[in-house]
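So the chains spell out like this:
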Amino acid sequence: MPVGLFRVCLLVITAIVNHPLFFPKENGTVPENTDEIIQKMKEREESLRLQQLRLEREIADQEATQAALEKAAVVVEESKEEKVRWDMWTALSMVIFLLIELWRQDFQEGNWQDIGGEEDDMAVLGKAFKGVAFPDKAVLASFYEKRILGTTGDMARMREMVEGFADDLLEALRSVCNRDADMEVEDCMGVGSMYENWRVRKPFVCDLIVPFAPPEPYCFRCQTWCSGDSFPPDEQGYGTIKVCRADEDATGCICDKTKLGEDMLCLLHSQVSSTRPSSEMEDLLCFKNTQYLDADQVMKWFQIAVTKAWNRISHKYEFDLSFSLLDSPGALKIKFKSGKSIAFNLTPVVQYENSDVYFVSHFPRSSLAAEIPSSTHWFLTFAVYERRFIQLVSKTLPANACHLSCLQILSFLHGKQCSLTGPSGLTNYHLKTVLLHLLQARPSQDWAPEKLEARLQDMLKFLEKCLHEKKLYHFFIGNGKVPAELSFPIIFQRAEPLNLFRPFVLRRDIYRKMVDTFHEMLRNMSALINEYTVHIPLAHTNGIRKEPL
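Here the structure is a predicted model, which is why all the values come from computation and not from measurement. (Residues numbered from 1 in each chain as written. Predicted model: local features only at pLDDT ≥ 70, side-chain atom pairs only at ≥ 80, totals over all residues. Heavy atoms only, no water.)

Enquirer: Explain the overall build of the protein here, please?
Expert: Scanning the protein for helices and strands turns up 16 helices and 10 strands. A total of 549 residues make up the protein; the buried ones form 41% of that total. By element, 56% of the accessible surface of the protein is carried by carbon and sulfur atoms, the whole surface being about 32500 Å². (Helix = DSSP H or I, 4+ residues; strand = E, 2+ residues; numbered from the N terminus. Buried < 20%, exposed > 50% of the residue type's maximum accessible area, 1.4 Å probe, protein only. Areas by Shrake-Rupley, 256 points an atom, 1.4 Å probe, with all protein chains shown as cover.)

Here is the structure:
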């Protein structure tokens, strides 16, 4: 019984489990629409494959983009590093260039006067010297003896006569001036070619400078272009002169530099002394409404004073005195009854501090000369130091040295050429500057009298080089090798070298005229010398051959 019951229960359970309502049709082991299901599965698989390909492409694109970005970042970084390296090299190159330029300028400033230490330095010839026949020693010696020495024998007597008359004239000038209001005139000094013994061209003209000072309680305060304040390039070589009271700024008082209150009073300076009427400053020869000394006012005052002085002493002399140049305050001419005349320049100057450098009021003007910036700008002259330097060097040279002979011959040739082709910007002062450079550069034995020809060639070569480079430096300004015996002011030794040819850089017409005149002088040199040379027998010239430079 129990077994039967068990079998019945098992049968019922089996029937229930296999009933169709309990399990859907699609869960059957063998579906009815198999092809349709397979087709859907293939479509699904293809869709999944396409999505996989799309995802792979997107991933590849992202990876390529990322790689490109990383590569671009690397390139940018490398370019930055390269730019930094390039900027560093550029900056380094600029620094090196600036150092080289500074060294070159320092080398030029420190060694511009060393132009004759080596023969090779003087052997660089320009086109101007090609084919030029230079006179031999015998012709030069004969020319110098007959033409130059024969015409300069009366210079000593002329200097003595002019100096004596100038002293008498200045003494009379002091007597006619008001000692309390007019300028105080000191003794005159001779400068220039007549007192350096190399003047060759007639008429002989003595150059005398006359220092003057303001009356008490005033004094001159001088300021130069190299004293620290900025001066324009066209004012180099000039300075200004301020007329001040002797006690002004002596204690370092700041009352004239700072505005004091209306209720405050300076105990050192009264209100009366701090203000000066313009008429008082004009009486002191200052420019209108300024304290700066006016060169035009000085010229008028000096001419009037000289005229009064001459009227006082004219009865003592048997000649007439007149002004020979209207634009030069002291260009005077003595006229004798016989018709002869003697010209000399008596130029008022102002001493720079306690040195022998002087501010010059006027030079005889020329259409080729550079214009003075204004009447309150005074040109500085170193003529006294130039004379002393020549005298100092002459003591170390051999007997009858040829240094002045070279300058005399060159000055004569240049003067003759200018008389043929007209004046040029090249002056005797330029020629003397060339000689001063060579005197400092060459040893003493090189100036023996038998070396006249070689030294004259050196001067011409150096001058041709300066004309080509448009650079001829002032001998004293910026020259740190000035002999200590001269006691030359250190402020000018430390100044930047002053190029005397600078005015011709912008004035090309004058520069062209100057170069053409120099070239013409070279070509005509032999003819000019032979014209003034007596015939030399052939026996004196045997063994001497003329060679082009």
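Enquirer: What's the story with helix H11 (residues 428–441) in this structure? I'm lost.
Expert: Two residues of an α-helix separated by three or four positions point the same way, owing to the 3.6 residues in each turn. For H11, which comprises 14 residues, the first-to-last C-alpha distance of 20 Å matches the rise-based estimate of 20 Å (1.5 Å per residue) to within 8%. With respect to burial, H11 is a largely interior element, 11 of its 14 residues being buried. Among all positions in H11, only His 430, Leu 431, Lys 432, Thr 433, Val 434, Leu 435, Leu 436, His 437, Leu 438, Leu 439 and Ala 441 are buried. Packing partners of the buried residues in H11 comprise helix H5 (193–196), helix H9 (383–394), helix H10 (403–421), helix H12 (452–469) and helix H14 (503–506). (Expected span 1.5 Å × (residues − 1). Contact = heavy atoms within 4.5 Å.)

Enquirer: Teacher, can you tell me more about unusual backbone geometry here?
Expert: Residues apart from glycine generally show negative phi values, whereas peptide bonds are mostly found in trans. The peptide bond linking Lys 202 to Pro 203 adopts the cis configuration, its omega dihedral lying at 0°. The topology assignment puts Pro 203 in the loop between H5 and strand E3 (205–213). For the bond running from Glu 216 to Pro 217, omega is 10°, close enough to zero to count as cis. Locating Pro 217 in the fold gives a position in the loop between E3 and strand E4 (218–224). With a phi close to 60°, Asn 289 is a non-glycine residue in the positive phi region. Residue position: Asn 289 is located in the loop between helix H7 (278–283) and helix H8 (295–313).

Enquirer: What is the right way to look at the packing of aromatic side chains in this model?
Expert: This model, assessed by the stated rule, comprises 27 aromatic pairs. Note on Phe 475 and Phe 476: the rings are 5.0 Å apart at their centroids and 80° apart in plane angle, and the pair reads as edge-to-face. Here Phe 475 and Phe 476 have matching classes, each one buried. Aromatic rings pair up to connect Trp 225, Tyr 352, Phe 359, Phe 382, Tyr 385, Phe 389, Phe 475, Phe 476, Phe 488 and Phe 492 into one cluster. The side chain of Arg 159 reaches across the aromatic face of Tyr 195, ending 5.9 Å from its centre. Positioned over the ring face of Tyr 511 is Lys 470, at 4.6 Å from the centre of the ring. (Phe/Tyr/Trp six-rings, centres within 6.5 Å; stacked < 30°, edge-to-face > 60°. Lys NZ or Arg CZ within 6 Å of the ring centre and 35° of its normal.)

Enquirer: Looking at this model, I keep getting lost on the nonpolar core. Mind explaining?
Expert: Nonpolar side chains tend to gather and get buried jointly when the protein is soluble and globular. Ranked by internal contacts, the top residues of the largest apolar core, which has 115 residues, are Leu 169, Leu 293, Phe 344 and Leu 346. Per element, the largest residue contribution to this core is 10 residues, and it comes from helix H15 (residues 508–531). Setting aside residues no more than four positions away along its own chain, Leu 346 makes contact with Ala 166, Leu 169, Leu 170, Cys 188, Leu 208, Val 210, Phe 302, Gly 330 and Leu 332. (Core = buried A, V, L, I, M, F, W, Y, C linked by side-chain atoms within 4.5 Å.)

Enquirer: Just checking my understanding: could you explain the state of the cysteines for this structure?
Expert: A covalent bond between the sulfur atoms of two cysteines is what we call a disulfide. Summed over all chains, the structure comprises zero disulfides. Free of any disulfide, Cys 406 has its nearest neighbouring cysteine sulfur in Cys 402, separated by 4.3 Å. (Disulfide = S-S within 2.5 Å.)

Enquirer: Looking at this model, I keep getting lost on the environment of Asn 345. Mind explaining?
Expert: Mapping Asn 345 onto the fold places it in strand E8 (residues 341–351). For the pair formed by Asn 345 and Gly 330, sequence separation is 15 residues and the distance between their alpha carbons is 5.3 Å. One polar contact links Asn 345 to Asp 207, side chain to side chain, over a distance of 2.8 Å. (Polar contact = N/O pair within 3.5 Å; in protein donor to acceptor, adjacent residues only side chain to side chain.)

Enquirer: How should the pattern of salt bridges be read in this particular structure?
Expert: Opposite charge on two side chains permits them to pair, given that their charged atoms come into close proximity. For the structure shown, the criterion picks out 16 salt bridges. As a salt-bridge pair, Arg 442 and Asp 446 come within 3.1 Å of each other at their nearest N and O atoms. Judged on exposure class, the residue Arg 442 and its partner Asp 446 are both buried. Overlapping salt bridges bring together Arg 442, Asp 446, Lys 451, Arg 455 and Asp 458 as one network. (Salt bridge = Lys/Arg side-chain N within 4 Å of Asp/Glu carboxyl O.)

Enquirer: Would you mind showing me how to read the pairing of E8 here?
Expert: A regular strand carries its side chains on alternate faces of the sheet. Counting buried positions along E8 gives nine out of 11 residues, so the element sits mostly inside the fold. Where E3 lies against E8, seven bridges are found, and the strand directions are parallel. Across the sheet, the residue bridging to Val 205 is Ala 343, located in E8. The sheet contact formed by strand E7 (residues 331–336) and E8 spans five bridges and is antiparallel. Looking at the pairing, Lys 333 lines up with Ala 343 of E8. Linking E7 to E8, which pair antiparallel, is a turn of four residues; within it Gly 339 sits at a positive phi near 100°. Where E8 meets strand E9 (residues 358–360), three bridges bridge the pair, whose relative direction is antiparallel. Its bridge partner being in E9, Val 349 is matched across the sheet by Val 360. (Pairing = 2+ DSSP bridges.)

Enquirer: Just checking my understanding: could you explain the confidence of the model for the protein for this structure?
Expert: Detailed reading of the predicted coordinates is not advisable wherever pLDDT is low. Across the protein, the average pLDDT comes to 79, with 73% of residues at 70 or higher. Residue range residues 108–125 is modelled with pLDDT below 50. Its contacts to residues more than four positions away, or to other chains, number 39 contacts. Note that residues 365–369 has pLDDT below 50 and, in this model, nine contacts with residues that lie over four places away or in other chains. (pLDDT = per-residue confidence, 0-100.)

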